[in-house]
Amino acid sequence: MTDISIKISGLNKSFGRGAAEKHVLKGIDLSINKGQIIGYIGPNGAGKSTTVKILCGILTSFKGDIEVMGIPLRGNDLKIKKMIGYVPENGALYEALTPNEYLNLVGTLFDMSPALIGERTKSLLAYFEMDQHANQRMDTFSKGMKQKILIIAGLINNPDILFLDEPLSGLDANSVILVKDMLTRLAQQGKTIFYSSHLMDVVEKISDRIILIDDGKVIADGTFEELQQDSKASLEQLFAKLTGGESRANESVAFDNVFKD
Amino acid sequence: MVSPLNLLLKILGVDINHFWVLLDAKLKIDFRRAPNSFQSAGKKQTLIKQLFIYAFLGAIIIVSLYRISDLMLQLSVFFAFLIVFEGTILLTEFTAVLFDDNENQILLPRPVTSRTLLLVRLAHITVYMSNIALALSLPFAIYLAISHGLLSVVFLVAVILCAWFTLILAVGFYMGLARFISAERFKDVLNYFQIALAVVIMASYQLVPHYMENANVETLMFKPVWWAYLLPSVWFAGLTKFITGVGTSMDVILTCIAVGILALGSLLLIRALSLGFTALLSESRTGNAKDAKPVEQKSVKGWKNKLVALLCVSEVEKAGWQFTMQHIKSDRKLKQQVYPMFAYSLIMVIAFLKPEINDFSSYIAELANSSKYLLFVLTGFFGTIGISVIPYTDTPKAAWIYDMASTSQRYHIQSGAIKAMLFTFYLPLQVLYLIPIIWIWGISVLPYVFLGAGLSAVLAILLVRIQANPLPFSQAREMVNKGEQTLRMFLGMFLIGAIIGLVYLVSLTHVAIGIVLCVLLPLIISLSYRSVRARSIR
């Protein structure tokens, strides 16, 4: 049995046609092992969310080959969707429903039994300290509370691979600690975590492997220590160096001139 | 035991559990009132009110149907009306439900099949379309119950089948269209198609009855000509008669066609065309090729900018103008609401004037001796209706900027927006109407035309002030209160009628009075804009 959970070969994705065509992913090749926490980072518009959406079967047209848990993604998206969890950034919810109703709906879509849905809902709501809000409508929730429900919905089917796209958006410091702890525990259970984020400090701390993409291409791939190359630089500094942010930081003088009127 | 409906779902290849749990959630959401809703009543109450209005409309239709003595013709005309009416509602109200972007974000990452997703959305729309169809048909069903007894029950079943037929016809067309154009271009094409179809439907509503008016419907009998077999409304009429047991051999064939088309159409749509549905949903929401292109920045020294500078009294008002112009160019739903109004006005003029093609020269000569040029002013008011949709947008949260802007001229944005709307939609219409007016009535009537057009604009501006319309693009589209909007439209139509009456009275006096009033128009318009700008900030 293979240890590889995700295998991507020559992944290309474009939007638009002709002169307006935007080439978002330009030949991504990756092989990700089970139980790894992948920090998938890159500047805005680098293609992070597009990669995640393709891997989750949301975007169906792409070039290249993808295998998830040894199954080709093309033509098997439903089978793969059953094995994965997806937590979008600021994702939509049926806000007029209560967490119990919404999670019951999501669980049913994963063909889970009502008893199992009830059990998991109860445990996960309690873990995220949302149990007292289980029967309140979600349109009264804060951004952080809604984000917790999105995370729970991503976990309810006990996925083999969890894709997270900026999952900490809107969460308070205590909740961030909870999520970080949860991700580490899930990885220990052999689940693959594909974590896409801008928050370098979190990625630096939790990731076994960091993949940096820029302009649709992988420009760095390795553990944090491998990326550092004995430099003692933080991930933020490495990110800036590799994506050209360092040179842009030197343009602070130009910014100072903006308000000199 | 498997229920017949579940058996049907199974035949169609739908996941039964997923179907019911999703439909249940959707209906639950529909009937829960949003806590921050500006509407005092929930959707359930709004729906009930709307159903009453549809039933009232159905009662009006009976007046026309009552004149037809032949049952087959009566039923065929009614089903034709129903298909057109439901098609219009589907295009204007339910297309957004079919391609619901928000829900796509929730469901596309889950293991839901294309078929299930499509059928859930169709079923959701069918619940509402059937309610509307039944409300519309109820008065006619009562009439049929009195005149034909049991036939009315079969008729109501046929009405629901007819609603389903309209739905699969429209959605089948959408799905077929999606096969020929890219998913990214789909929404643009759909938008223009909706606008064009809304206009065609409106035109047929207004113009067809006029040209049928002279036909002697009382004695008109249904003839079994070959092309009658091609008309969906005739199929459902035949089906109603056949099941009731009052059918002819033709009705047997019509029933077979109706049932066959419904079964085959549903199978084709759900089993074959639905396969690309989720792909269409996911690809069409991820961006448009056009959106990726940088917006062309036109020269700031263009004639339009000089005009804006001339027409707007402040920088904030200019900003309101430009903001609205940008929305007109890029907001698909705004285009869908406003562009047909332009065409409606043209259609209404034709419907009112009833041109006689056969004897056109004497018709024009007769027209020139009348005051019917005022009908152009009356229908020109449609060009102002776009003003009522300015407050609505899909991104109302962006309106936080109004609260943060440190300006005491907040309502200058609104007056700028009104000016932009009148300039884009009302002015071109009025200029266009000058051509037939001058050709038929000559320049002597121009003072009255200008007076009527000017006062119509004043009315449109003052209605914004009187009705305390919210600031541009600050309210969610779903907050539109249809009942209130209808009342406003009636108020507007009543007042425009009064203005036309006033202009007509002026036209009976000395022409100098008309000219003097025209000279005063800029002042009146300016004062009405001032009243909008002067609204206090709460």
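This structure is a prediction, so every number in the text was calculated from the model and none was measured.

> Could you clarify how one ought to interpret the overall build of chain A in this entry?
Regarding its fold elements, chain A presents 11 helices and 10 strands. Relative to its length of 261 residues, chain A is compact, with a C-alpha radius of gyration of 20 Å against a globular reference of 18 Å. If you line up chain A on its principal axes, its C-alpha atoms span 60 × 50 × 45 Å. In chain A, which comprises 261 residues, the proportion classed as buried is 41%. Here the analysis covers contacts within chain A between residues at least 6 apart in sequence; of these, 69% occur between residues at least 24 apart.

> Could you clarify how one ought to interpret the overall build of chain B in this entry?
Along the backbone of chain B there are 22 helices and two strands. The burial tally for chain B puts 36% of its 538 residues in the buried class.

> Got a minute to help me understand the sheet that holds strand E1 (residues 4-15) of chain A in this structure?
By definition, the strands of a sheet pair up through backbone hydrogen bonds, in either a parallel or an antiparallel sense. All names here are of chain A. On the basis of which strands lie adjacent, the open sheet formed by four strands has the order E2-E1-E4-E5 and antiparallel pairing. Strand pairing shows two members of the sheet lacking a second neighbour, strand E2 (22-33) and strand E5 (71-72), which therefore form its edges. Pairing analysis gives nine bridges linking E1 to E2, with the strands arranged antiparallel. Paired with Lys-7 across the strands is Ser-31, a residue of E2.

> Help me understand the packing of helix H9 (residues 232-244) of chain B against helix H10 (residues 249-272) of chain B in this model?
A pair of packed helices is captured by two measures, namely the crossing angle of their axes and the spacing between those axes. Residues and elements named next belong to chain B. Relative orientation of the contacting elements H9 and H10 amounts to 115°, with a least axis distance of 7 Å. As H9 runs across H10, the sense of the crossing is left-handed. Only Met-250, Asp-251, Val-252, Leu-254, Thr-255, Ile-257 and Ala-258 of H10 make contact with H9, whose side of the interface consists of Val-234, Trp-235, Phe-236, Gly-238, Leu-239, Lys-241 and Phe-242. Each residue belonging to the contact of H9 with H10 can be placed in one class, and the counts come to 10 nonpolar, two polar and two charged.

> Sorry if this is basic, but what is going on with the interface of chain A and chain B here?
Frequently, the measure chosen for interface size is the accessible area removed from exposure when the parts meet. Each side of the interface is counted separately: chain A has 29 residues, and chain B has 29 residues. In terms of residue count, the dominant contributor to the side of chain A that touches chain B is helix H3 (residues 99-109) of chain A (four residues).

> Mind showing me how you'd approach the nonpolar core here?
Nonpolar side chains in soluble globular proteins generally cluster together in the buried interior. With 139 residues, the main nonpolar core has Ile-152, Phe-163 and Phe-194 of chain A together with Leu-82 and Cys-162 of chain B as its most contacted residues. Of the residues forming this core, the biggest block, 16 residues, is contributed by helix H7 (residues 151-180) of chain B. Leu-334, Phe-342, Phe-376 and Ile-385 of chain B belong to the second-largest nonpolar core, a separate cluster that totals 56 residues.

> Could you clarify how one ought to interpret the sheet that holds strand E3 (residues 37-41) of chain A in this entry?
Residue and element names in this part refer to chain A. What the six strands build is an open sheet, ordered E6-E7-E8-E3-E9-E10; its pairing is mixed. Sheet topology places strand E6 (84-87) and strand E10 (217-222) at the edges, where each strand pairs with a single neighbour. For this sheet, the mean angle separating the axes of adjacent strands, direction not counted, is 15°. Along the sheet face, helix H5 (residues 143-155) touches E6 and strand E7 (161-165) and points at about 170° away from the line of E6.

> I keep staring at the confidence of the model for chain B and nothing clicks. Help me out?
Low pLDDT means the predicted atomic positions in that stretch should not be read closely. All names here are of chain B. Residue-level pLDDT values for chain B average 82, and 88% of them are 70 or greater. In this model residues 35-41 is a low-confidence stretch, pLDDT under 50, and it forms seven contacts with partners more than four residues away in sequence or in other chains. Of the two predicted TM-score estimates for the complex, the pTM is 0.76 and the ipTM is 0.87.

> Teacher, can you tell me more about H3 of chain A here?
Side chains of residues three or four places apart in an α-helix project in the same direction, reflecting 3.6 residues per turn. The buried fraction of H3 of chain A amounts to 10 of the 11 residues, a majority that puts the element mostly inside the structure. Where the residues of H3 of chain A are buried, they touch helix H4 (114-127) and H5 of chain A together with helix H2 (16-30) of chain B. Looking at the residues trailing H3 of chain A, positive phi occurs at Asp-111 of chain A, about 60°.

> I'm lost on the domain arrangement of chain B in this one. Help?
Residue and element names in this part refer to chain B. Partitioning chain B into structural domains gives domain 1 (50-218 + 228-289) and domain 2 (315-533). Domain 1 and domain 2 are separated by 33 Å when their C-alpha centres are compared. Taken together, the contact pairs 12 residues of domain 1 with 13 residues of domain 2. It is helix H8 (residues 183-212) that provides the largest number of residues to the side of domain 1 that touches domain 2, a total of 11 residues.

> Which parts of the structure should I look at to understand the environment of Gly-42 of chain A?
In this fold, Gly-42 of chain A is placed in the loop between E3 and helix H1 (48-55). Setting aside its immediate chain neighbours within four residues, Gly-42 of chain A contacts Gly-47, Lys-48, Leu-212, Ile-213 and Asp-214 of chain A.

> Where do I start with helix H9 (residues 235-242) of chain A in this structure?
Residues and elements named next belong to chain A. When H9 is considered as a whole, its buried residues turn out to be Leu-235, Leu-238 and Phe-239. With its buried residues spanning 100° around the axis, H9 presents them on a single face. Once H9 ends, the next one or two residues include Gly-244, with phi positive near 85°.

> Help me understand the packing of H3 of chain A against H5 of chain A in this model?
Residues and elements named next belong to chain A. One way to put it is that H3 packs onto H5 with a least axis distance of 10 Å and a crossing angle of 30°. Taken together, H3 and H5 sit at an angle that is classed as roughly parallel. Taken as a pair, H3 and H5 cross one another with a handedness that is right-handed. Counted together, Pro-99, Tyr-102, Leu-103 and Val-106 of H3 and Ile-149, Ile-152 and Ala-153 of H5 form the full contact between these two elements.

> Sorry, what's going on with the pairing of E10 of chain A here?
A regular strand places its side chains on the two faces of the sheet in alternate fashion. All names here are of chain A. Examined bridge by bridge, strand E9 (residues 209-214) and E10 share five bridges and lie antiparallel to one another. Across the sheet, residue Ile-210 finds its bridge partner in E10, namely Gly-222. Between E9 and E10, which pair antiparallel in sequence order, lie two residues; one of them, Asp-215, sits at a positive phi of approximately 50°.

> Got a minute to help me understand unusual backbone geometry in this structure?
When glycine is set aside, most residues are seen to have a negative phi, and most peptide bonds are trans. Residue and element names in this part refer to chain A. Even without being glycine, Asp-111 reaches a positive phi, approximately 60°. Mapped onto the elements, Asp-111 comes out in the loop between H3 and H4. In this model, Glu-166 sits at a positive phi of 50°, which is unusual for a non-glycine residue.

> Help me understand the environment of Gly-13 of chain B, please; the structure alone is not making it clear to me.
Residue and element names in this part refer to chain B. Within the secondary structure layout, Gly-13 lies in the loop between helix H1 (4-11) and H2. Judged by C-beta crowding, with 15 C-beta atoms within 10 Å, Gly-13 ranks as partly exposed. Along the sequence, Gly-13 and Asp-359 sit 346 residues apart, while their C-alpha atoms lie 60 Å from each other. In this view, Gly-13 contacts Arg-115, Ile-270 and Arg-271; residues no more than four positions away in its chain are not counted.

The rules behind each value
Residues numbered from 1 in each chain as written. Chains lettered and ligands numbered in written order. Predicted model: local features only at pLDDT ≥ 70, side-chain atom pairs only at ≥ 80, totals over all residues. Helix = DSSP H or I, 4+ residues; strand = E, 2+ residues; numbered from the N terminus. Rg over C-alpha atoms; globule rule 2.2 N^0.38 Å. Buried ≥ 20, exposed ≤ 12 C-beta atoms within 10 Å, placed from the backbone. Contact = placed C-beta atoms within 7 Å. Pairing = 2+ DSSP bridges. Axes fitted to C-alpha atoms, helices over the stretch in contact; angles between N-to-C directions. Left-handed = near helix turned anticlockwise from the far one by under 90°. Nonpolar A, V, L, I, M, F, W, Y, C, P; charged D, E, K, R; others polar. Core = buried A, V, L, I, M, F, W, Y, C linked by C-beta atoms within 7 Å. pLDDT = per-residue confidence, 0-100. Domains from an automatic or database assignment. Arc of directions from axis to C-beta. Parallel < 35°, antiparallel > 145°, perpendicular 65-115°, else oblique.

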